[in-house]
Amino acid sequence: MKIKISPSLLSADFGCLRREARLLEKHVASFHIDVMDGHFVPNITIGPPVVNRFREGLETPLDIHLMIEHPQLFGPQFRVQRGDSITFHEESADPIAETIDILRQTGARVGLSIRPGTPLDRLYRWLDRIDLALVMSVEPGFGGQAFLPEALERIRLLRRKAGDRLEIHVDGGIHRGNALAVIEAGGDVIVAGSAIYGAEDPESAVRELLAIGDRCRE
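Our subject in this report is the structure included herewith. None of the values given here were measured: they were computed from a predicted structure. (Residues numbered from 1 in each chain as written. Predicted model: local features only at pLDDT ≥ 70, side-chain atom pairs only at ≥ 80, totals over all residues. Heavy atoms only, no water.)

## Considering the pairing of strand β8 (residues 189-192)
At step 1: Neither face of β8 is exposed, since Val189 and Val191 on one face and Ile190 and Ala192 on the opposite face are all buried.
At step 2: Across 4 bridges, strand β1 (residues 4-7) lies against β8 in parallel orientation. Pairing of proline 7 across the sheet is with alanine 192, part of β8.
At step 3: Across 3 bridges, the pairing between strand β7 (residues 167-171) and β8 is parallel. Within β8, the position partnered with aspartate 171 by the bridge is valine 191. (Buried < 20%, exposed > 50% of the residue type's maximum accessible area, 1.4 Å probe, protein only. Helix = DSSP H or I, 4+ residues; strand = E, 2+ residues; numbered from the N terminus. Pairing = 2+ DSSP bridges.)

Structure below.
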């Protein structure tokens, strides 16, 4: 499987999100959008009205990451298009099985994530019911954090447990200096924010990450 890049729009210019996305649209597999409610994490970003308007005219799928307490309530409010995914957290307040079923009804691919400190085996029981697993390599809530090295072993263990039956996304602190280690550990989709939108040339930054993935998977 070729490595995919999903730029995190948390690091983009919120005053012109669609323009920021179109700069990279031809190179990336999806755009990662962090939805935060100020309760599950100590930050507030954007919700369904902004995301739904943002994606008008964009063909690239959205990877919607719900860092919120009640994904059952807000997940169905996103207008999903083909290829979109909605990922929620195992630690959220809503029952996991019901939430998976509700999000599945939207037509989106369904993902599950856990915080860095949550035991990995709490994710294992759901692997047959989801399309992707998101490994957080920083504590969720804010962009620009440093990569947690212990995430590499969590990726390896998850890949060993899941085999090739689902995508593993990795999010937080990834840049050209550690992307190879993430890919070698078993990551399929690299979520990168500051390393892309903080670069002088975001398009070149994406191409460089893709080249690292190509060399690793050859």
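## A look at the environment of lysine 2
At step 1: Structurally, lysine 2 is set in the segment before β1.
At step 2: Considered as a pair, lysine 2 and leucine 210 are 208 residues apart in the sequence and their alpha carbons are 8.7 Å apart.
At step 3: Those residues in contact with lysine 2 that lie beyond four places of it in its chain are Asp188 and Asp214.
At step 4: Separated by 2.9 Å, the side chains of lysine 2 and aspartate 214 make a polar contact. (Contact = heavy atoms within 4.5 Å. Polar contact = N/O pair within 3.5 Å; in protein donor to acceptor, adjacent residues only side chain to side chain.)

## Section: the side chain of threonine 118
At step 1: With respect to the secondary-structure elements, threonine 118 resides in the loop between β5 (109-114) and α5 (121-124).
At step 2: Classification of threonine 118 by relative accessible area gives buried; the value is 6%.
At step 3: Not counting residues up to four positions away in its chain, the partners in contact with threonine 118 are Glu90, Glu91 and Arg154.

## Overview of the pairing of strand β3 (residues 62-67)
At step 1: Of all 6 residues making up β3, 6 are buried, and the element is well covered by its neighbours.
At step 2: Here 6 bridges tie strand β2 (residues 31-36) to β3, and the two strands are oriented parallel to one another. Across the sheet, the residue bridging to aspartate 34 is histidine 65, located in β3.
At step 3: After leaving β2, the chain enters helix α2 (residues 48-54) and then returns to the sheet as β3, a path that is right-handed.
At step 4: Strand direction decides the pairing type here: β3 and strand β4 (residues 85-89), joined by 4 bridges, are parallel. (Right-handed = clockwise from strand over helix to strand, strands pointing away.)

## Topic: the sheet that holds β1
At step 1: With parallel pairing, 8 strands are arranged side by side in an open sheet as β1-β8-β7-β6-β5-β4-β3-β2. This sheet does not close on itself; its edge strands, each paired only once, are β1 and β2. Here the average twist between neighbouring strands, direction ignored, is 25°.
At step 2: Those strands touched by helix α6 (residues 151-162) are β5, β6 (132-136) and β7, and its axis lies near 160° from that of β6. (Axes fitted to C-alpha atoms, helices over the stretch in contact; angles between N-to-C directions.)

## Notes on the pattern of salt bridges
At step 1: The tally for this structure, following the rule as stated, stands at 16 salt bridges.
At step 2: Measuring nitrogen to oxygen at the nearest pair gives 2.9 Å for the salt bridge that ties lysine 4 to glutamate 167. Of this pair, lysine 4 sits in strand β1 while glutamate 167 sits in strand β7; the two residues are 163 residues apart in sequence, bridging distant segments of the chain.
At step 3: Classification of lysine 4 as partly exposed rests on a relative accessible area of 31%. (Salt bridge = Lys/Arg side-chain N within 4 Å of Asp/Glu carboxyl O.)

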